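The primary structure of each chain is shown beneath.
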Amino acid sequence: MTRGFIIAAAVLMAGAVSAETVGELHENELRAIDKNNDGFLSREEFDAFSDYAFQAMDENKDSSVGLQEAKPHLDEDQFRDVDRDNDGFISRSEYDAQMNDDFLSADKNQNGQLD
């Protein structure tokens, strides 16, 4: 899937990413994010988890994520892709823009939820 899901899944798994790519949310991770247990990830559930993921990565609570903070969750190429202004930090607005793009890209039938 997309970088946003990589971020979300990586944070959710707290660094326990195996050699396989974190391209898709596995069923257990989806259940943890799917608060109403309907088998779908609504935009609200996605946004709530996205907020949690950013806050978890922002260890020093300065409203941005530096490469060292992101390294447990993103490799350098992924970090550079999200750091749209190339200043060496992922700002909240860059992160939110990426997560929005990722949600829209993953919502293939444009029904506002991921299945």
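Residues numbered from 1 in each chain as written. Predicted model: local features only at pLDDT ≥ 70, side-chain atom pairs only at ≥ 80, totals over all residues. Heavy atoms only, no water.

**Q** What am I meant to see in the nonpolar core here?
**A** Burial of nonpolar side chains together is a common tendency in soluble globular proteins. Membership of the largest hydrophobic core comes to 18 residues, with the highest contact counts inside it found for Leu 41, Phe 46, Val 65, Ala 70, Ile 90, Tyr 95 and Leu 114. Looking at this core, the element that brings in the most residues is helix H3 (residues 43-57), giving 5 residues. (Core = buried A, V, L, I, M, F, W, Y, C linked by side-chain atoms within 4.5 Å. Buried < 20%, exposed > 50% of the residue type's maximum accessible area, 1.4 Å probe, protein only. Helix = DSSP H or I, 4+ residues; strand = E, 2+ residues; numbered from the N terminus.)

**Q** When you look at the side chain of Asp 107 in this model, what are you seeing that I'm missing?
**A** Of note, Asp 107 is situated in the loop between helix H6 (92-106) and strand E4 (113-114). Buried charged residue Asp 107 carries no salt bridge. Nearest counter-charge: Arg 43, at 6.9 Å. Discounting residues that sit within four places of it in the chain, Asp 107 has contacts with Gly 112, Gln 113 and Leu 114. (Lys, Arg positive; Asp, Glu negative; His and termini not counted. Salt bridge = Lys/Arg side-chain N within 4 Å of Asp/Glu carboxyl O. Contact = heavy atoms within 4.5 Å.)

**Q** Would you mind showing me how to read the packing of H3 against H6 here?
**A** Relative orientation and spacing of two packed helices are given, respectively, by the angle between their axes and the distance between those axes. Two elements in contact, H3 and H6, have axes separated by 11 Å at closest approach and are oriented at 145°. The crossing of H3 and H6 is right-handed. Contact residues: Arg 43, Phe 46, Ser 50, Asp 51, Ala 53, Phe 54 and Met 57 in H3; Arg 92, Tyr 95, Met 99, Asn 100, Phe 103 and Leu 104 in H6. In terms of residue class, the contact of H3 with H6 is built from 8 nonpolar, 2 polar and 3 charged. (Axes fitted to C-alpha atoms, helices over the stretch in contact; angles between N-to-C directions. Left-handed = near helix turned anticlockwise from the far one by under 90°. Nonpolar A, V, L, I, M, F, W, Y, C, P; charged D, E, K, R; others polar.)

**Q** In this structure, what is going on with the confidence of the model for the protein chain? I would like to understand it.
**A** The predicted coordinates should not be examined in detail at positions where pLDDT is low. Confidence in the prediction for the protein chain averages 80 pLDDT; 77% of positions are at 70 or higher. Model confidence for the protein chain, summarised as mean pLDDT per element, is weakest for helix H1 (residues 3-12) at 54 and strongest for strand E3 (residues 89-91) at 97. (pLDDT = per-residue confidence, 0-100.)

**Q** Looking at this model, I keep getting lost on H6. Mind explaining?
**A** Given 3.6 residues per helical turn, the α-helix brings residues three or four places apart onto the same face. For H6, spanning 15 residues, the distance from its first C-alpha to its last is 21 Å, which sits close to the expected 21 Å at 1.5 Å a residue. Residues of H6 that are buried include every one of Glu 94, Tyr 95, Gln 98, Met 99, Asp 102, Phe 103 and Ala 106, and no others. All buried residues of H6 fall inside an arc of 165° around its axis, so they share one side. In H6, the exposed positions that point more than 90 degrees away from the buried face belong to Ser 93 and Leu 104. (Expected span 1.5 Å × (residues − 1). Arc of directions from axis to C-beta.)

**Q** Could you clarify how one ought to interpret the environment of Asp 96 in this entry?
**A** Tracing the backbone through its elements, the reader meets Asp 96 in helix H6. On a C-alpha basis, the gap between Asp 96 and Asp 51 in space is 8.6 Å, while along the polypeptide they are 45 residues apart.

**Q** How do you make sense of the pattern of salt bridges when you look at a structure like this?
**A** In a structure, side chains of opposite charge can pair up when their charged atoms sit close to one another. For the coordinates displayed, the defined rule picks out 7 salt bridges. Between Asp 51 and Arg 92 there is a salt bridge whose closest N-O contact spans 2.8 Å. Linking Asp 51 in helix H3 with Arg 92 in helix H6, this pair joins segments that are 41 residues apart in sequence. Asp 51 sits in the partly exposed class, given a relative accessible area of 29%. Judged by its relative accessible area of 25%, Arg 92 is partly exposed.

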